[in-house]
Amino acid sequence: MKDKLLTDLLQLNTTPENRKIFTQRLLESPLLIEEVLVFILDEHKDVSGKAARALELVCQKDAALIFQHKKKLFEIASTAKQDDVIRPLAKIFELWILDHFSKNPTIQLQTKDQEKITTICFDWLISPQKVAPQAYSMQTLYLLGTKTAWIHPELKLILEQNYARGTSGYKARARKILQKINKPTTA
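Worth saying up front: this structure is predicted, and the values here are computed from it rather than measured. (Residues numbered from 1 in each chain as written. Predicted model: local features only at pLDDT ≥ 70, side-chain atom pairs only at ≥ 80, totals over all residues. Heavy atoms only, no water.)

The next subject is the environment of Arg 175. Within the fold, Arg 175 resides in helix α11 (residues 168–182). A residue is classified by how much of its surface remains accessible, and Arg 175, at 41% relative accessible area, is partly exposed. Distance from Arg 175 to Tyr 163, taken between C-alpha atoms, is 8.8 Å for residues 12 residues apart in sequence. Within the local environment of Arg 175, its side chain forms a polar contact with the side chain of Tyr 163, the two groups lying 2.6 Å apart. (Helix = DSSP H or I, 4+ residues; strand = E, 2+ residues; numbered from the N terminus. Buried < 20%, exposed > 50% of the residue type's maximum accessible area, 1.4 Å probe, protein only. Polar contact = N/O pair within 3.5 Å; in protein donor to acceptor, adjacent residues only side chain to side chain.)

So, on to the packing of aromatic side chains. The description of an aromatic ring pair uses the distance of the two centres, along with the angle that the planes make with each other. Considering all chains together, one arrives at six aromatic pairs under this definition. On the numbers, 5.6 Å between centres and 45° between planes, the contact of Phe 93 with Trp 96 is tilted. Pair noted here: Phe 93 and Trp 96 are both in helix α7 (residues 83–100), with a separation of three residues, about one helical turn. The residues Phe 93 and Trp 96 share a single accessibility class, namely buried. Ring geometry for Phe 122 against Trp 150: centres 5.8 Å apart, planes inclined by 25°, an arrangement best described as stacked. Of this pair, Phe 122 sits in helix α8 (residues 111–126) while Trp 150 is found in the loop between α9 (131–145) and α10 (151–163), placing the two residues 28 residues apart along the sequence. Given a relative accessible area of 10%, Phe 122 falls into the buried group. Residue Trp 150 is classed as partly exposed on the basis of its relative accessible area, which comes to 48%. (Phe/Tyr/Trp six-rings, centres within 6.5 Å; stacked < 30°, edge-to-face > 60°.)

What follows deals with the pattern of salt bridges. Inspection of every chain in the model, using the stated rule, returns six salt bridges. Here Arg 87 ties to Glu 56 by a salt bridge, and the two come within 2.5 Å at their closest N and O atoms. Here Arg 87, found in helix α7, pairs with Glu 56, found in helix α4 (residues 45–61); they are 31 residues apart in sequence, far enough to count as distant. Relative accessible area serves as the criterion here: at 2%, Glu 56 is assigned to the buried category. The closest approach of N and O atoms between Lys 91 and Glu 94, which form a salt bridge, is 2.9 Å. One end of the pair is Lys 91 and the other is Glu 94, both in helix α7 and three residues apart, which spans about a single turn. Linked by salt bridges that have partners in common, Arg 53, Glu 56 and Arg 87 make up one network. (Salt bridge = Lys/Arg side-chain N within 4 Å of Asp/Glu carboxyl O.)

When helix α3 (residues 32–40) is considered as a whole, its buried residues turn out to be Leu 32, Ile 33, Val 36, Leu 37, Phe 39 and Ile 40. An end-on view of α3 places all buried positions within 160° of arc, on one side of the element. (Arc of directions from axis to C-beta.)

Attention shifts here to the side chain of Gln 134. Take Gln 134: it is sitting in helix α9. Only 3.3 Å separates the side chain of Gln 134 from the backbone oxygen of Trp 124, close enough to count as a polar contact. A polar contact of 3.4 Å, which involves the side chain of Gln 134, links it to the backbone oxygen of Ser 127. Every residue in contact with Gln 134, bar those within four places of it in the chain, is listed here: Trp 124, Leu 125, Ser 127, Gln 129 and Tyr 170. (Contact = heavy atoms within 4.5 Å.)

Structure (structure tokens):
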């Protein structure tokens, strides 16, 4: 079973049909998610990034299913170094926050969960990362900052400090987030 899962993970590619089939398999057999988590920790870059991406695809369909593994994901995210692992984890955190703040949430992030996500996202913003995880982190932190007062000033400071040396993608997302933070609230 594990060998078949590994083979399927290694064959996971960017075609929508391929992704749909693999995502559906995990949705139908949630116990396989434990195995996919093990593969994220694999030393082989080919499988770890694809395993993280697979969890992101499942999270897009069912955030609660991946949320059950939050402890392990927080652990992985805190130590992850590979870009192709960090990007899907940043997206998963963004999806969780979007769900949490939606009108009909399927997950409830406890204060300690929000604190862990906040710490990890700030770490990704201040360390050398590619644009995608930083953009997801900006959005995640912006939303968390709507309920936690200290986040917006810190986020604003970091975005302003890093703006000049950021890529065009970084600057575009930072501008949007800064506009939202600077927008006066109407009472």
